[in-house]
Amino acid sequence: ILEKLGSFAVLEEDEESGKKYFAELLKLDETNPYAARFFAITEQSYGRYESALNYLKKARDFDETPALQVKAGYYLSMLSKQEELLNLMESAHKKFANNNEISYYYALALVDAKQHNKAAKVFEEILETSPENEHILFNYAALLYEQKKYKKMEDILRRLLEINPNNAEGLNFLGYFLVNEGKTKDLEEGYKLISKALSLKPGEIAYQDSLAWYYFKIGNYDEANKILSALPEVNDEEICLHKAEVFYALKDFESAINNYESVLKINPKNKAARKGLKKAKKEK
C-alpha cells in the first residue's frame, strides 16, 4: 500500500507526501527499488550526489539494472570519483556486454582514465552494432584526435556527416581540423564546414572561435580579432591561445602576454603558450 501511495504522490508531483510514504516504506524494506529511486532522484535534485548514490546502491535490483548502473556512474562522475566510476562501468560492461549505453559510458570512463586504446576498442565494438550512431561516431573521433590518429579521425567524421550533413558538432570539428592543418586545399573546405555549423547554431562560441581561426590562418588578423573580441569572456584554453596568437600577429604584445598567461593558468603544460609567451616578452 505504501508503495502505491508513494507512486501516486509522485504522479501528482506531491513531493512531501512522496517522502512520507517512501520513508515509511524504507523502514519496512530498506532495499525497496521504488523508495530507493525516489530518494536518489530527490537527493540528486539538491546536488547531494553522495547521498543519492547511497540510496541507489541499496536498491535490491541495483546490480541487475543497467539504467541504475548508468545513473550511479553519473553520480560518481559528479563526485569526481574517477577510479570508482571506472571500476563500476568495467564491471557493468562485463555483465551487460550487449548494452550500448553501458558500453558508451565505460568508453568515456576509459578516456578520462587516459586508457585510450581500450576506449577505442569499446567504441569499435559499439559501432559494429550501431554503425550510424552519431553520438558514438563524434566521441570516437574526439578520442582519435587525442591519439593523433588524424586520418582515421577524419574518416570517422566524414562518415558522420554522410549520415547527417547537418550535424553541427561534426561540421565544426572537421572544419576546424582542416583549417588548423593550414593546407591551402583544405582551408576553403574548412571554412564552408564551419560556416554551415554556424548557420545551424549561430550563437555557439566554439564555432565562432573556429571561424576566427580560419581568418587567422589566411592572414586576416583584423577580422580574426574582431570575432574573438566580440566573444564573451570564457575560461577556455583554446580560445585564450587563439586570442594570444592573434594579438601577437597584430603586434599587440601586452595583450598577447596576458592571454598566453591565461592559457598557462588553465594548463601550465601548454607548450605553444610557453613558447609564445617567451617570444611576446622578447618582442615587448
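Residues numbered from 1 in each chain as written. Predicted model: local features only at pLDDT ≥ 70, side-chain atom pairs only at ≥ 80, totals over all residues. Heavy atoms only, no water.

Visitor: Would you explain the overall build of the chain in this entry?
Guide: Counting its regular elements, the chain contains 17 helices and 0 strands. For 284 residues, the compact-globule estimate of 2.2 N^0.38 gives 19 Å, and the chain exceeds it by more than 25% at 24 Å. For the C-alpha atoms alone, the extent of the chain along its principal axes is close to 75 × 40 × 35 Å. Buried positions account for 43% of the 284 residues belonging to the chain. By sequence separation, contacts in the chain at least 24 residues apart represent 43% of the contacts at least 6 residues apart. When the accessible area of the chain is evaluated, it comes to approximately 15900 Å², of which 50% is carbon and sulfur surface. Treating the 41 positive side-chain charges of the chain as one cloud and the 46 negative ones as another, the clouds have centres 7 Å apart. (Helix = DSSP H or I, 4+ residues; strand = E, 2+ residues; numbered from the N terminus. Rg over C-alpha atoms; globule rule 2.2 N^0.38 Å. Buried < 20%, exposed > 50% of the residue type's maximum accessible area, 1.4 Å probe, protein only. Contact = heavy atoms within 4.5 Å. Areas by Shrake-Rupley, 256 points an atom, 1.4 Å probe, with all protein chains shown as cover. Lys, Arg positive; Asp, Glu negative; His and termini not counted. Charge placed at Lys NZ, Arg CZ, Asp CG, Glu CD.)

Visitor: Quick question: what am I supposed to make of helix α11 (residues 168-181) here?
Guide: Its 14 residues give α11 an end-to-end C-alpha distance of 20 Å, which sits within 8% of 20 Å, the value for a rise of 1.5 Å per residue. Most of α11 sits out of view: 11 of its 14 residues are buried. Contacts from the buried residues of α11 go to α9 (134-146), α10 (150-163), α12 (184-200), α13 (205-217) and α15 (237-249). Here α11 starts with a cap whose side-chain oxygen sits 3.3 Å from the backbone nitrogen of Glu169, and that cap is Asn167. Positioned one or two residues after α11, Gly182 has a phi angle of 75°, which is positive. (Expected span 1.5 Å × (residues − 1). Polar contact = N/O pair within 3.5 Å; in protein donor to acceptor, adjacent residues only side chain to side chain.)

Visitor: Before we go on, may I ask you to explain the environment of Lys4 in this structure?
Guide: By secondary structure assignment, the location of Lys4 is in helix α1 (residues 2-11). The class of Lys4 is exposed, set by a relative accessible area of 56%.

Visitor: Teacher, can you tell me more about the packing of α9 against α10 here?
Guide: Each packed pair of helices is defined by two parameters, the angle between the axes and the distance between the axes. Running from N to C, α9 and α10 point in directions that differ by 160°, and their axes come no closer than 8 Å. Between α9 and α10, the crossing angle belongs to the class labelled roughly antiparallel. Considering the relative orientation of α9 and α10, their crossing is left-handed. Contact with α9, carried on its side by Glu134, Leu137, Phe138, Tyr140, Ala141, Leu144 and Tyr145, involves Tyr150, Lys152, Met153, Ile156, Leu157, Arg159, Leu160 and Ile163 of α10 and no other residues of that element. Residue composition of the contact of α9 with α10, by class: 12 nonpolar, no polar and 3 charged. (Axes fitted to C-alpha atoms, helices over the stretch in contact; angles between N-to-C directions. Parallel < 35°, antiparallel > 145°, perpendicular 65-115°, else oblique. Left-handed = near helix turned anticlockwise from the far one by under 90°. Nonpolar A, V, L, I, M, F, W, Y, C, P; charged D, E, K, R; others polar.)

Visitor: For this particular structure, what's the right way to read the nonpolar core?
Guide: Considering soluble globular proteins, one finds that nonpolar side chains tend to be buried as a cluster. If you look at the biggest cluster of nonpolar residues, it comprises 69 residues, and the most contacted ones within it are Leu56, Tyr75, Phe123, Tyr140, Met153, Leu157 and Leu174. It is α11 that provides the largest number of residues to this core, a total of 8 residues. Those residues in contact with Met153 that sit more than four places away from it in its chain are Ala141, Leu144, Tyr145, Phe173 and Phe177. Core analysis: the next-biggest nonpolar cluster, separate from the first, contains 12 residues, Cys240, Ala256, Tyr260 and Leu264 among them. (Core = buried A, V, L, I, M, F, W, Y, C linked by side-chain atoms within 4.5 Å.)

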